[in-house]
Amino acid sequence: QVQLVESGGGLVQAGGSLRLSCAASGRTFSGYAMGWFRQAPGKEREFAAAISWSIGTTSYADSVKGRFTISRDKAKNTVYLQMSSLKPEDTALYYCAADPDGNWYMPMKNLYDYWGQGTQVTVSS
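Computed from a prediction, not measured in an experiment: that's the story for all the values here.

A. The overall build of the protein chain, seen in detail. A count of helices and strands for the protein chain gives zero helices and eleven strands. Counting from the amino terminus, the protein chain carries its helices and strands in the arrangement β-β-β-β-β-β-β-β-β-β-β. For the protein chain, whose C-alpha radius of gyration is 13 Å, the value lies close to the compact-globule estimate of 14 Å for 125 residues. Projecting the C-alpha coordinates of the protein chain onto the three principal axes gives extents of approximately 40 × 25 × 25 Å. For the protein chain, the residues scored as buried account for 43% of the 125 residues in total.

Right, dumping it as structure tokens:
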């Protein structure tokens, strides 16, 4: 059974940085896409970034491009989201997700079969 556990959220001032981690377990993730999504209160869950586990190619939402970086460490079975130049509008619950079919280039949450419990990121102005 795939398990995804996020950590690293917190409260940060605008302009600051945070690094989120997603510890993945339960199987090998070769061929998977790993993604980060976020959901602000009263809003739909939206795509932030994704990475191909096998080859490391990445995709980003326009709203985070140039400020967020997704990466993975195969040895640690962990996916990261480095967030910098944070803005109050980045405030959300951030979720890690896994897509067994490896669609790293398709920013659609319905493609992802496995989800973590989320970690809260709050950016103060």
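B. Quick look at unusual backbone geometry. For Asn-77, which is not a glycine, the phi torsion comes out positive at approximately 50°. Of note, Asn-77 is situated in the loop between strand E7 (68–73) and strand E8 (78–83). Even without a glycine there, the phi angle at Ser-85 is positive, about 50°. Positionally, Ser-85 belongs in the loop between E8 and strand E9 (92–99).

C. Structural view of the sheet that holds E7. The strand order across the open sheet built from four strands is E1-E3-E8-E7, with neighbouring strands paired in antiparallel fashion. In the strand order of this sheet, the two ends are held by strand E1 (3–7) and E7, each with one partner. Taken over all neighbouring pairs, the strand axes of this sheet differ in orientation by 15° on average, direction set aside. Looking at chain direction, E7 and E8 are connected through six bridges and run antiparallel. The residue of E8 that forms the bridge with Phe-68 is Met-83.

D. Main features of the packing of aromatic side chains. Throughout the structure, instances matching the rule amount to eight aromatic pairs. Summarising the aromatic geometry, the rings of Phe-37 and Tyr-112 are spaced 5.0 Å apart at their centres and angled 75° between planes, so their arrangement reads as edge-to-face. Residue Phe-37 is located in strand E4 (residues 33–39), and its partner Tyr-112 is located in the loop between E9 and strand E10 (114–115); the two are separated by 75 residues in the primary sequence. By relative accessible area, Phe-37 is classed as buried at 1%. Taken together, a centroid distance of 6.3 Å and an interplanar angle of 80° make the contact between Tyr-95 and Trp-115 edge-to-face. With Tyr-95 in strand E9 and Trp-115 in strand E10, the pair connects residues that are 20 residues apart, well separated along the chain. Relative accessible area serves as the criterion here: at 28%, Trp-115 is assigned to the partly exposed category. Members of the aromatic cluster, each reached through a chain of ring pairs, are Phe-37, Phe-47, Tyr-95, Tyr-112 and Trp-115. Over the aromatic face of Tyr-95 sits the side chain of Arg-45, whose NZ or CZ is 3.7 Å from the ring centroid. Taking the ring centre of Trp-115 as reference, the NZ or CZ of Arg-45 above it sits at 4.8 Å.

E. Molecular detail of the environment of Lys-65. Mapped onto the secondary structure, Lys-65 falls in the loop between strand E6 (58–60) and E7. Residues Lys-65 and Ala-98, spaced 33 residues apart in sequence, show a C-alpha to C-alpha distance of 20 Å. At 3.2 Å, the side chain of Lys-65 and the side chain of Asp-62 are in polar contact.

Criteria and cut-off values
Residues numbered from 1 in each chain as written. Predicted model: local features only at pLDDT ≥ 70, side-chain atom pairs only at ≥ 80, totals over all residues. Heavy atoms only, no water. Helix = DSSP H or I, 4+ residues; strand = E, 2+ residues; numbered from the N terminus. Rg over C-alpha atoms; globule rule 2.2 N^0.38 Å. Buried < 20%, exposed > 50% of the residue type's maximum accessible area, 1.4 Å probe, protein only. Pairing = 2+ DSSP bridges. Axes fitted to C-alpha atoms, helices over the stretch in contact; angles between N-to-C directions. Phe/Tyr/Trp six-rings, centres within 6.5 Å; stacked < 30°, edge-to-face > 60°. Lys NZ or Arg CZ within 6 Å of the ring centre and 35° of its normal. Polar contact = N/O pair within 3.5 Å; in protein donor to acceptor, adjacent residues only side chain to side chain.

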